Amino acid sequence: MSSSHDVVVVGGGPGGYAAALYGAAAGLDIALVEKQKLGGTCLHVGCIPAKELLETAAVYRTVAHADQFGISAGPPTVDMGAAQTRKQKIVDQLHKGVGSLLEGRKVTVLDGWGAIGPDRSVSISGGESEAATVTADHVILATGSVPRSLPGFEVDGERVMTSDELLSVSELPGRAAVIGGGAIGLEFASLLADLGSEVTVLEALPRILMGADDDVVKMLTRAFKKRKIQVRTGVAVSGCRNTGSSVELEIDGGDPLEVDAVVVCVGRRPFTDGLGLDAAGVEVDEGGYVSVDQFCRTSLAGVYAVGDVVRTPQLAHVAFAEAIMAVKHLLGESPAPVDYANVPWAIYCHPEVAFVGHTEASAKEAGFDVVASAHRFIGNGRAMIVGETDGLVKVIAERSDDGPAGRILGVHMVGPWVTEQLGQGYLAVNWEATVPEVAEFVQPHPTMSELFGESVLSLTGRALH
Ligand code: FAD
């Protein structure tokens, strides 16, 4: 079988399905090749299942503290089987939804491995669709990423896991080590601790959560400590001995650590296995990422690459943005390149973290004359009502010549529901809004977003609270 389309997309995760849906909405004839399940990492072993299980943890916390609200519920227990069933139901529903959307837009979905060939052709094999070659005016590669492991760590899915396995556990480890203090590692540490595991986070770098402001990291570390999550930074794990009943971690220059399970969260590698990039002449960089320019064009004319397979922040919403930009570009429109320095970050540990733009330190390093203001949730009415007062909102701005503060350069938050509160900060930073402009905005009362308003107002030199 062979067919011809305007665009063929390889990979059906957020990057791939967004390219297909957006392209089809613009009237293009699209084929999409997927070797596993539509929705990719994000839907099946990433954002959605992780956040769903974190919600189980949040419910557990609420029930555990229900007596503070006058509700007697008794000590909660967790049924991981039931929790996994709920998670899977949501994943399945969304999976069906992606399929229906693609069908509705008349995207031809092909089940199998795609490999790029000459003249913008893609050969498909090994799936339910019969072997075929599809040609197109443009090809978009969106084959994503897979978890990295560490040398000496044999993933067995029980004692030694990556995120893929942890998201399907039916039993929780009594003692767990999480290797890696990035977003995924911290979410898992938080989840496991909430559900009763004794958790140690081991991070090789001197601090956790690169990219977040120091004040946010300090407050998060303190909150983790209160919950008895041990965060050890500057610790290099050099090996692991899986005895079958426990795992012993070797730590450079330190005592070994014995746990019941270890979750390796040391990042993800771009997945280009079997994609035929070499033969086709598509360049990759030294880390195996597909090399692209600011419009996600690869070295081969007519071929784009988006999402985790390129060296940009590995986030689903970045994949969406790149997909839309690539489609606009191939349509001959003039899209603005994605502004990677100012994309939003949301981490769903407890307390949550969300940020956009410069930290105070990075703004200074970039040469800005900086002013910053931080306000804590401890005095916020809504946070007190909810019973979650750990956290702060910090606004970083450029000092202005005719007043205390000018352009807003960054907004960094830690605390309750901050992943849902970052929107205003995102708009302010990306619209290059100034402190006096944003200070005019009225925040509804009583909300947690009042803290953002307050932090901005105080940069005018006249705070309310
Ligand atoms: P993927 O989602 O990896 O999809 C690639 C697809 O391509 C896969 O379906 C794969 O089967 C297919 N494929 C690969 N090779 C071929 C081939 N040769 N032929 C056909 N098909 C192929 N991001 C966020 O923004 N927010 C979050 O909260 C968040 N949480 C996360 C939590 C975890 C535990 C993990 C692991 C990731 C999380 N991410 C989060 C990151 C997010 O999942 C990824 O950035 C996103 O999935 C990348 O999308 P993608 O389309 O580039 O790749």
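These numbers come from a predicted model, not from an experiment. Residue indices follow the written sequence of each chain, beginning from 1 at its first position. Whole-chain, interface and lining totals are the exception, using all residues; otherwise, since this is a predicted model, local features are given only for residues with pLDDT of at least 70 and side-chain atom pairs are given and counted only at 80 or more. Water and hydrogen atoms play no part in the side-chain values, which are based on all heavy atoms of the structure.

Caption draft 1: Molecular detail of the sheet that holds strand 14 (residues 257-259). Any two strands with at least two DSSP bridges between them are considered paired. Only DSSP runs of H or I covering at least 4 residues are called helices, and only runs of E covering at least 2 are called strands; the numbering of each starts at the N terminus. Here we have 3 strands laid out as an open sheet, ordered 12-13-14, and antiparallel in their pairing. Of all the strands in the sheet, the pair left with one neighbour each is strand 12 (237-242) and strand 14. Sheet twist, expressed as the mean angle between neighbouring strand axes with direction ignored, is 20°. As judged from the 5 bridges shared by strand 12 and strand 13 (residues 247-251), these two strands associate in the antiparallel manner. Its bridge partner being in strand 13, Cys240 is matched across the sheet by Leu249. A fitted line through C-alpha atoms serves as each axis, taken over the contacting stretch for helices, and the angle formed by two N-to-C directions is quoted from 0 to 180°.

Caption draft 2: A look at the domain arrangement of the protein chain. How far each domain reaches was decided by an automatic or database domain assignment. Domains assigned within the protein chain are domain 1 (2-147 + 269-340), domain 2 (160-266) and domain 3 (351-458). Averaged C-alpha coordinates put domain 2 and domain 3 at centres separated by 29 Å. Here, residues are in contact when the closest pair of their heavy atoms is within 4.5 Å. Contacts between the two partners involve 11 residues from domain 2 and, on the opposite side, 14 residues from domain 3. Roughly 1100 Å² is buried in total at the junction of domain 2 and domain 3, and carbon and sulfur atoms are behind 68% of that figure. Simply put, the buried area is the total loss of 1.4 Å probe accessible area from both parts when two parts are fitted together. Three residues stand out in domain 2 for area buried against domain 3, namely Asp213, Val216 and Met219, and they jointly supply 47% of the buried area on that side. Each reported salt bridge corresponds to a side-chain nitrogen of Lys or Arg within 4 Å of a carboxyl oxygen of Asp or Glu. The partner of Asp213 in a salt bridge is Lys394, with the nearest N and O atoms 2.8 Å apart. By the criterion applied in these results, polar contacts are pairs of N or O atoms within 3.5 Å in which, for protein atoms, one can donate a hydrogen and the other can accept it, and in which residues neighboring in sequence qualify only through two side-chain atoms. Our count for the domain 2 to domain 3 interface comes out at 5 residue pairs in polar contact (both at pLDDT 80 or more).

Caption draft 3: Expanded view of the site of the ligand. Here a residue is considered near a molecule or strand provided that any single heavy atom belonging to it is located within 4 Å of it. Contacts to the ligand come from 38 residues, most closely from Glu34, Thr41, Lys51, Asp308 and Ala316. Between Glu34 and the ligand, the recorded distance is 2.7 Å, taken from a side-chain N or O atom to an oxygen atom. When residues of the shell around the ligand are traced back to their parent elements, those giving at least two are helix 1 (14-25), strand 2 (30-34), helix 2 (40-45), helix 3 (47-64), strand 4 (113-116), helix 6 (183-194) and helix 9 (316-330). By residue number, the principal contributor to the shell around the ligand is helix 2, which donates 4 residues. Side-chain classes follow a simple rule in which Ala, Val, Leu, Ile, Met, Phe, Trp, Tyr, Cys and Pro form the nonpolar group, Asp, Glu, Lys and Arg form the charged group, and the remainder, Gly included, forms the polar group. Its residues assigned to classes, the shell around the ligand shows 15 nonpolar, 17 polar and 6 charged. Taken domain by domain, the shell around the ligand gets at least three of its residues from each of domain 1 (2-147 + 269-340) and domain 2 (160-266).

Caption draft 4: Quick peek at the packing of aromatic side chains. When the centres of two rings from Phe, Tyr and Trp lie within 6.5 Å, Trp using its six-membered ring, the rings pair. Their planes under 30 degrees apart give stacked, over 60 give edge-to-face, and anything left gives tilted. Going through the model one piece at a time under the given rule, you end up with 3 aromatic pairs. Centroid distance Trp113 to Phe271: 6.1 Å. Interplanar angle 40°. Geometry classified as tilted. Taken as a pair, Trp113 in strand 4 and Phe271 in the loop between strand 16 (268-270) and helix 8 (277-280) lie far apart in primary sequence, 158 residues in all. Put simply, a charge is over a ring when the Lys NZ or the Arg CZ is close to the ring centre, within 6 Å, and near the line of the ring normal, within 35 degrees. Over the face of the ring belonging to Trp113 we find Lys35, whose NZ or CZ atom lies 4.9 Å from the ring centre.

Caption draft 5: Molecular detail of the pairing of strand 10 (residues 198-203). The buried label applies to any residue whose accessible area, calculated with a 1.4 Å probe on protein chains only, is under 20% of its type's maximum; exposed applies above 50%, and partly exposed to all values in between. The element strand 10 is largely enclosed, with a buried count of 5 among its 6 residues. Relative to strand 10, strand 9 (residues 175-179) is paired through 5 bridges, and the arrangement is parallel. Counted as the bridge partner of Ile179 is Leu202 from strand 10. If the strands point away from the viewer and the path from the first strand over the helix to the second runs clockwise, then the crossover is right-handed. Read from strand 9 through helix 6 to strand 10, the crossover connection turns out right-handed. Relative to strand 11 (residues 230-233), strand 10 is paired through 4 bridges, and the arrangement is parallel.

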